[in-house]
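# Coordinates in review
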Amino acid sequence: MNLNTITEVKRPSAAEDIAAWRDGYAWLAGGTWLFSEPQVATDTLIDLESLQWPALQASRDGLEIAATCPVVELDRFGAPPEWPAAALFRACCRSFLASFKIWTAATVGGNICVALPAGPMISLTVALEGTYTLWPRGAAPRTVRAADFVTGDHASVLRRGELLRSIRLPASALAKRAAFRRASLTHLGRSAALLIGTATPGAADLLITVTAATVRPVQIHFERPPSAGELRRRIVDEIPDEDYFDDVHGSPAYRRHLTHHYAEQIRAELAGAAR
Ligand SMILES: Cc1cc2nc3c(=O)[nH]c(=O)nc-3n(C[C@H](O)[C@H](O)[C@H](O)COP(=O)(O)OP(=O)(O)OC[C@H]3O[C@@H](n4cnc5c(N)ncnc54)[C@H](O)[C@@H]3O)c2cc1C
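Just so it is clear, the structure is predicted and the values come from calculations on it, not from any experiment.

### Points about the side chain of Thr259
If you trace the backbone, Thr259 turns up in helix 9 (residues 252-274). When residues no more than four places from it in sequence are discounted, the contact partners of Thr259 are Leu195, Val210, Ala213, Ile235, Ile239 and Tyr244.

### Details of the packing of aromatic side chains
This model, assessed by the stated rule, comprises five aromatic pairs. Seen in terms of ring centroids, Phe77 and Phe89 are 5.9 Å apart; in terms of plane orientation they differ by 40°. Their pairing is tilted. Placement of the pair is Phe77 in the loop between helix 1 (71-75) and helix 2 (87-93) and Phe89 in helix 2, with a sequence separation of twelve residues. The class for Phe89 is buried, based on a relative accessible area of 1%. Through a chain of ring-to-ring contacts, three or more aromatic side chains come together here, namely Trp21, Tyr25 and Trp27. Lying across the ring of Phe222, Arg234 places its NZ or CZ 4.8 Å from the centre.

### So, the site of the ligand
The full set close to the ligand counts 28 residues, and Trp27, Gly31, Thr32, Leu97 and Thr107 are the nearest of them. Contact distances for the ligand include 2.6 Å between an oxygen atom and a side-chain N or O atom of Thr32. In this structure, Trp33 approaches the ligand through a main-chain N or O atom, which is 2.9 Å from an oxygen atom. Coverage of the ligand by the protein amounts to 90% of the 970 Å² it exposes when considered alone. Only strand 2 (25-28), helix 4 (108-114) and strand 10 (163-170) provide two or more residues apiece to the shell around the ligand. Tallying contributions element by element places helix 4 first for the shell around the ligand, with four residues. Across the shell around the ligand, the residue classes tally to 19 nonpolar, seven polar and two charged.

### What to know about the sheet that holds strand 10
The strand order across the open sheet built from five strands is 4-5-10-6-7, with neighbouring strands paired in antiparallel fashion. The open sheet has two edge strands with one neighbour each: strand 4 (56-59) and strand 7 (142-145). Here the strands of the sheet are splayed against their neighbours by 20° on average, with no regard to which way each runs. Where strand 6 (residues 131-135) meets strand 7, four bridges bridge the pair, whose relative direction is antiparallel. From the neighbouring strand, Tyr132 faces strand 7, where its bridge partner is Val144.

### Description of the state of the cysteines
Tallied over the entire structure, the rule returns zero disulfides. In this structure Cys69 is a free cysteine whose sulfur lies 8.0 Å from that of Cys93, the closest cysteine sulfur available. Summary of cysteine pairing: Cys93 is not part of a disulfide, and the nearest cysteine sulfur, belonging to Cys92, is at 7.2 Å.

### With respect to the sheet that holds strand 12 (residues 193-199)
On the basis of which strands lie adjacent, the open sheet formed by four strands has the order 11-12-13-14 and antiparallel pairing. Of all strands in the sheet, those bounded by a partner on one side alone are strand 11 (177-183) and strand 14 (218-222). Within this sheet the neighbouring strands show an average axis-to-axis angle of 10°, counted without direction. Judged from the seven bridges that link them, strand 11 and strand 12 form a sheet pairing that is antiparallel. Residue pairing across strands places Ala183 opposite Ala193, the latter belonging to strand 12. Together, strand 13 (206-211) and strand 14 form the strand contacts of helix 8 (residues 228-238), whose direction differs from that of strand 14 by roughly 145°.

Conventions adopted
- Residues numbered from 1 in each chain as written.
- Predicted model: local features only at pLDDT ≥ 70, side-chain atom pairs only at ≥ 80, totals over all residues.
- Heavy atoms only, no water.
- Helix = DSSP H or I, 4+ residues; strand = E, 2+ residues; numbered from the N terminus.
- Contact = heavy atoms within 4.5 Å.
- Phe/Tyr/Trp six-rings, centres within 6.5 Å; stacked < 30°, edge-to-face > 60°.
- Buried < 20%, exposed > 50% of the residue type's maximum accessible area, 1.4 Å probe, protein only.
- Lys NZ or Arg CZ within 6 Å of the ring centre and 35° of its normal.
- Near = heavy atom within 4 Å.
- Polar contact = N/O pair within 3.5 Å; in protein donor to acceptor, adjacent residues only side chain to side chain.
- Areas by Shrake-Rupley, 256 points an atom, 1.4 Å probe, with all protein chains shown as cover.
- Nonpolar A, V, L, I, M, F, W, Y, C, P; charged D, E, K, R; others polar.
- Pairing = 2+ DSSP bridges.
- Axes fitted to C-alpha atoms, helices over the stretch in contact; angles between N-to-C directions.
- Disulfide = S-S within 2.5 Å.

Take a look at the structure:
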């Protein structure tokens, strides 16, 4: 839609060019969310594309993803064979509602900053133990764990004017075995539940990440492979009923059912692969 309150679009060559923040400013990434609903309080868009950050930088330590990296570029990333968990990139990039329509424009950082329960870039980066670098206006950069960034439906720790600069995925997480499960009520619909399990090769640990079913990501860690009963008990203990999300894409009861169902499938899959 047209945003008829916008009077200026800034195209800075460096983030520091926007030294002072004022009401009415908004960072513009792919624009797929910004242009999908009225932004009556916004009069100035600050286009992040002009910053020209390199999208993906792989090293022995892991992968650095610029917040401005288009989702389609992450989808096409050719990961080295020692990063089997990178198979999750493709699975998560294809987990948007109407994926093919938005993924060429939408960015990884834009999806994270919208902070919806069904944000697949949130699911991915939390499951792969990512950290986010945040650039506040007029203060030193800070780092937060991906798992701590989203605090609720459409709510995060991002402060006024703060910029998500990049996402770092450690090589240790990319080297893990991974299992992915997702449900949506409609073909190419929004996720009702998206669960990811990861396990260190040659070790007995299991990390289950629950997203979309819950208002914010929930991670459950096991030092040793849990039994089906242990897994069930931990999910009940760590996800109170009121934390299951409720919208047209699924009732809390349905999402709770999917969470238990998929977590058990993941437990069985990763335990089976370890034998
Ligand atoms: C058809 C359709 C389907 C969609 N399906 C889904 C879905 O399944 N799941 C889902 O989660 N969302 C979905 N969305 C919502 C949205 O399009 C996506 O979340 C998308 O990833 C947003 O990315 P963007 O780059 O377009 O962000 P933009 O729209 O440019 O920005 C989104 C918000 O984040 C802020 N922002 C962007 N980048 C940064 C940054 N680096 N630092 C700080 N703030 C920043 C912007 O100011 C704005 O408030 C959908 C939207 C449409 C139109």
